[in-house]
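# Topology and contacts: notes
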Amino acid sequence: MRNVWRVFSIMALLVAVSACETGYTGLHATALGNCAPDAQQRVQATDWSGMETIDIKAGEVLFSTSQIYLKPQHPYLFRIANEDTSGHYFQAREFFHAAAIKEVVKNNRYRKPCINSVWLAPQEKIEVQLVTGEPGKYEFVDGNFLVEYITAGNAAGIIVVE
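What counts as what
Each chain has its residues counted from 1, following the order in which its sequence is written. Given that this is a predicted model, residues contribute local features only at a pLDDT of at least 70 and side-chain atom pairs are listed and counted only at 80 or more, while totals for whole chains, interfaces and linings are drawn from all residues. To obtain the side-chain values, all non-hydrogen atoms of the structure were included, while hydrogens and water were left out. The criterion is simple. A nonpolar core is a set of buried Ala, Val, Leu, Ile, Met, Phe, Trp, Tyr and Cys residues joined through side-chain atoms within 4.5 Å. Note on exposure labels: buried denotes an accessible area under 20% of the residue type's maximum, exposed denotes more than 50%, and partly exposed covers the range between, all computed with a 1.4 Å probe on protein chains only. Two residues qualify as a contact provided that any one of their heavy atoms is within 4.5 Å of a heavy atom in the partner residue. A side-chain nitrogen of Lys or Arg and a carboxyl oxygen of Asp or Glu constitute a salt bridge if their distance falls within 4 Å. Only DSSP runs of H or I with at least four residues qualify as helices, and only runs of E with at least two residues qualify as strands; both kinds are numbered from the N terminus onward. Put simply, two rings from Phe, Tyr or Trp (the six-membered ring, in Trp's case) pair if the centres are within 6.5 Å, and we call them stacked under 30 degrees between planes, edge-to-face over 60, tilted for the rest. A positively charged side chain is recorded as over a ring if its NZ (Lys) or CZ (Arg) lies within 6 Å of the ring centre. The angle to the ring normal must also be within 35 degrees. Only strands joined by at least two bridges in the DSSP assignment are considered to pair. Axis lines are fitted through C-alpha atoms, for helices just across the contact stretch, and the angle between N-to-C directions can take any value from 0 to 180 degrees.

### Remarks on the nonpolar core
Within the largest apolar cluster, 27 residues are counted, with the highest numbers of intra-cluster contacts made by L70, F78, F90, F95, F96, L130 and I159. Excluding its chain neighbours within four sequence positions, the residues that come into contact with I159 are I68, L70, F78, A92, F95, G136, K137, Y138 and F140. Membership of the second largest hydrophobic core comes to six residues, among which are A36, W48, A100 and V131.

### Remarks on the pattern of salt bridges
The final tally for this structure, using the stated rule, is four salt bridges. R42 is the partner of D38 in a salt bridge, and the nearest nitrogen-oxygen pair spans 3.2 Å. Residue class for D38 comes out partly exposed when judged on its relative accessible area of 34%. Look at R42 and you get buried, because its relative accessible area is 10%. Taking the shortest distance from any N to any O, the salt bridge between R79 and D55 comes out at 2.7 Å. Taken together, the residues R79 in strand β4 (residues 75-82) and D55 in strand β2 (residues 52-58) connect sequence positions 24 residues apart.

### Points about the environment of E127
Turning to its location among the elements, E127 is positioned in strand β9 (residues 125-131). E127 sits 17 residues away from Y110 along the chain, and the two C-alpha atoms are 9.6 Å apart. Every residue in contact with E127, bar those within four places of it in the chain, is listed here: L77, F78, R79, E103, V104 and V105.

### Observations concerning the packing of aromatic side chains
For the coordinates displayed, the defined rule picks out six aromatic pairs. Where F95 meets Y138, the ring centres are 5.7 Å apart and the plane angle is 65 degrees; that geometry is what we call edge-to-face. Of this pair, F95 sits in helix α3 (residues 93-98) while Y138 sits in strand β10 (residues 136-141), placing them 43 residues apart in sequence. Given the relative accessible area of 2%, F95 is considered buried. Aromatic rings pair up to connect F78, F90, F95, F96, Y138 and F140 into one cluster. Cation over ring: K102 sits above W48, and NZ or CZ is 4.6 Å from the ring centre.

### Structural notes on the sheet that holds strand β6 (residues 100-106)
In spatial order, the strands read β2-β4-β9-β6-β7; together these five strands make up an open sheet with mixed pairing. In the strand order of this sheet, the two ends are held by β2 and β7 (109-111), each with one partner. Adjacent strand axes in the sheet meet at a mean angle of 15 degrees, parallel and antiparallel pairs treated alike. Pairing of β6 with β7 involves three bridges; the strand directions are antiparallel.

Just geometry here; none of it tells us what the structure is for.
As structure tokens, then:
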């Protein structure tokens, strides 16, 4: 019985700590704050007039799309909207690390961070301007740093850059 309480206590602590990761911005930095090594050069060399828009809506148990197909080294505007009455994450750690992020707009504030996920409060929207990286398959999930590993049934999908 003591072990059950110990496991429960550890899980509760992990959930509480992962909730602190967000801070007030809802933008989660990569573990070491590292962007793609050539991010600034790719952003500056990109012709942004060809930017395409990807609309993603977060709902109760799913995203509006579970498969996103993108071109490599191409500019995109990700518009992510939470249409639910509870908060949601859009986490795509490997994808955001491979991309060159030009700008993130949340709550009418502009930022140029290296991110791995964003937190969206109910009815909140965020825009991320980026240049995709090399071809590959990247997962995205409604979960943050720790919660995704202990919560089953999260909304998820895949981004394919080809």
